[in-house]
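# Observations on chain architecture
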Amino acid sequence: MEVFYIDASKCTECGSAKVGFNEKRSEFFCRDCGFVLMDSIPVIEATHGKIERVMVNPKEKKIAVVIRGILKDKTEKKMSVFYAEIKKFSLPKYIEAEVLVLAKKAVELKLTMSYSKLEILCALIYHLCRRESIPVMLRDLEKTYGCSKKRVLKSLKLLREKLALNEIIEAGVESYIIRISSDLGYNGELATKAISVAVGVNIAHVLLKAAVAVWIAGGELGLKIKKKELARVAGISEAALRKNLAGKAK
Ligand SMILES: [Zn+2]
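Conventions used here
- Residues numbered from 1 in each chain as written.
- Predicted model: local features only at pLDDT ≥ 70, side-chain atom pairs only at ≥ 80, totals over all residues.
- Heavy atoms only, no water.
- Helix = DSSP H or I, 4+ residues; strand = E, 2+ residues; numbered from the N terminus.
- Buried < 20%, exposed > 50% of the residue type's maximum accessible area, 1.4 Å probe, protein only.
- Contact = heavy atoms within 4.5 Å.
- Areas by Shrake-Rupley, 256 points an atom, 1.4 Å probe, with all protein chains shown as cover.
- Lys, Arg positive; Asp, Glu negative; His and termini not counted.
- Charge placed at Lys NZ, Arg CZ, Asp CG, Glu CD.
- Disulfide = S-S within 2.5 Å.
- Donors = N, O, S within 2.8 Å, 3.2 Å for Na, K, Ca; no water.
- Tetrahedral: all angles 85-135°; square planar, octahedral: opposite > 155°, others 65-115°.
- Phe/Tyr/Trp six-rings, centres within 6.5 Å; stacked < 30°, edge-to-face > 60°.
- Lys NZ or Arg CZ within 6 Å of the ring centre and 35° of its normal.
- Expected span 1.5 Å × (residues − 1).
- Arc of directions from axis to C-beta.
- Salt bridge = Lys/Arg side-chain N within 4 Å of Asp/Glu carboxyl O.
- Domains from an automatic or database assignment.
- Buried area = accessible area lost by both parts, 1.4 Å probe.
- Nonpolar A, V, L, I, M, F, W, Y, C, P; charged D, E, K, R; others polar.
- Polar contact = N/O pair within 3.5 Å; in protein donor to acceptor, adjacent residues only side chain to side chain.

Right, let's get into the overall build of the protein. A count of helical and extended segments in the protein gives 11 helices and 5 strands. Over its C-alpha atoms, taken along the principal directions, the protein stretches across nearly 90 × 30 × 25 Å. Counting every position in the protein, which comprises 250 residues, the buried fraction comes to 41%. Looking at the protein alone, contacts between residues at least 24 apart form 60% of all its contacts between residues at least 6 apart. With the model as given, the accessible surface of the protein reaches about 14,200 Å², and the carbon-plus-sulfur share is 53%. Put simply, the protein has 45 plus and 29 minus side-chain charges, and the middle of one group is 5 Å from the middle of the other.

Next comes the structure, spelled out in structure tokens:
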């Protein structure tokens, strides 16, 4: 329960200090424009939850409103989307907490004017999961939240700049290899082989590196992996995959 005070010393409508009090109605009114200051209470109700009691103090020219529930400020109100949506993506608790802290900073910096709250949420989840070596794919986020990869990556760029997020520490190539191999429907043998192959693959892009390693390992194990399927599963373009496979063992 919280108490919210409304200053009744000035008219909120015209700014006049000639505010009178009507005892019968228990309300303050402006002697200049006639505005009834109690009218601002429904506005508070809309922003802050349910009103339990309204007390008027004519001597101090104050209206005290007792509100049930938590008095939310504007930022907290905007955060409610994040609180609700983050539950849809099961994340470790500590990551969830960090995403929310960063999301709040983004809201305070008004980054929600450039990107939707869901796009910002996806970008933060993606960033933190990669940092923690949790192999989350953009398409997982797209599936859950319906945000396009392009928009999520663009918003991440802005977030990195504005929130001074530490330089991204890529999730280990190993975790992506395991994820890609199992998504392709293969057992641990392919992943194990690909992890050892990856050591010799000199590609900076972590997903591309993982995909190329899986491809080479698949060839060595005599598996028939389709490039198109591999690119889809790894969340990279087929063209990029083909380009990087050129000259590499089949
Ligand atoms: Zn007035």
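The next point concerns the state of the cysteines. Applying the stated criterion across every chain yields a total of 0 disulfides. Looking at Cys129, it has no disulfide partner, and the nearest cysteine sulfur is the one in Cys122, 11 Å off. Cysteine Cys147 is unpaired, with the sulfur of Cys122 as its nearest cysteine sulfur at 3.9 Å. Residue classification places Cys147 among the buried residues on the basis of a relative accessible area of 7%.

A separate point is the coordination of the zinc ion. Around the zinc ion, the protein supplies Cys11 (SG), Cys14 (SG), Cys30 (SG) and Cys33 (SG) as donor atoms, at distances of 2.2 to 2.4 Å. Around the zinc ion sit 4 donor atoms, and with donor-metal-donor angles ranging over 104 to 116° the site reads as tetrahedral. Positions of the donor residues of the zinc ion, expressed as sequence spacing, correspond to C-x2-C-x15-C-x2-C.

All told, the structure shown has 2 aromatic pairs when counted by the stated rule. Note that Lys62 overlies the ring of Tyr5, its terminal NZ or CZ placed 4.7 Å from the centroid.

With 14 residues, helix α6 (residues 149-162) should reach 20 Å at 1.5 Å per residue; the first-to-last C-alpha distance of 20 Å fits that figure. Where α6 is concerned, the buried positions are Val152, Ser155, Leu156, Leu158 and Leu159. One side of α6 holds all its buried residues, which, seen down the axis, span an arc of 165°. Among the exposed residues of α6, those pointing more than 90 degrees away from its buried face are Lys150, Lys154, Lys157 and Glu161. Residues of α6 that are buried make contact with α3 (93-108), α4 (117-131) and α5 (138-145). Once α6 finishes, Ala164 follows within two positions and takes phi at roughly 45°, a positive value.

Glancing now at the pattern of salt bridges. Applying the stated criterion to the full structure yields 12 salt bridges. Residue Glu119 is joined to Arg151 by a salt bridge in which the shortest nitrogen-to-oxygen separation is 3.1 Å. One end of the pair, Glu119, is in helix α4; the other, Arg151, is in helix α6, and 32 residues separate them in sequence. Residue Arg151 is classed as partly exposed on the basis of its relative accessible area, which comes to 33%. Between Glu220 and Lys193 there is a salt bridge, and its shortest N-O distance comes to 3.3 Å. With Glu220 in helix α9 (residues 206-220) and Lys193 in helix α8 (residues 188-198), the pair connects residues that are 27 residues apart, well separated along the chain.

Let's shift gears to the domain arrangement of the protein. Each domain of the protein was delimited in the assignment, giving domain 1 (2-68), domain 2 (74-162) and domain 3 (173-245). Taking only C-alpha atoms into account, the centre of domain 2 sits 27 Å from that of domain 3. Taken together, the contact between domain 2 and domain 3 spans 9 residues of the former and 11 residues of the latter. Of the roughly 760 Å² buried at the junction of domain 2 and domain 3 (both faces included), carbon and sulfur atoms supply 45%. On the domain 2 side of the contact with domain 3, Pro135, Met137 and Arg139 bury the most area, a combined 63% of that side's loss. Inspection of the domain 2/domain 3 interface yields 2 salt bridges. With a closest N to O distance of 3.1 Å, Asp183 and Arg139 form a salt bridge. Those elements that provide at least two residues to the side of domain 2 that touches domain 3 are α4 and α5. Its residues placed into classes, the side of domain 2 that touches domain 3 shows 4 nonpolar, 1 polar and 4 charged.

Turning our eyes to something else, we now look at the side chain of Ser181. You can see Ser181 is positioned in helix α7 (residues 173-183). There is a polar contact of 2.7 Å between the side chain of Ser181 and the backbone oxygen of Ile177. Excluding its chain neighbours within four sequence positions, the residues that come into contact with Ser181 are Tyr186, Leu190, Ala191 and Val214.

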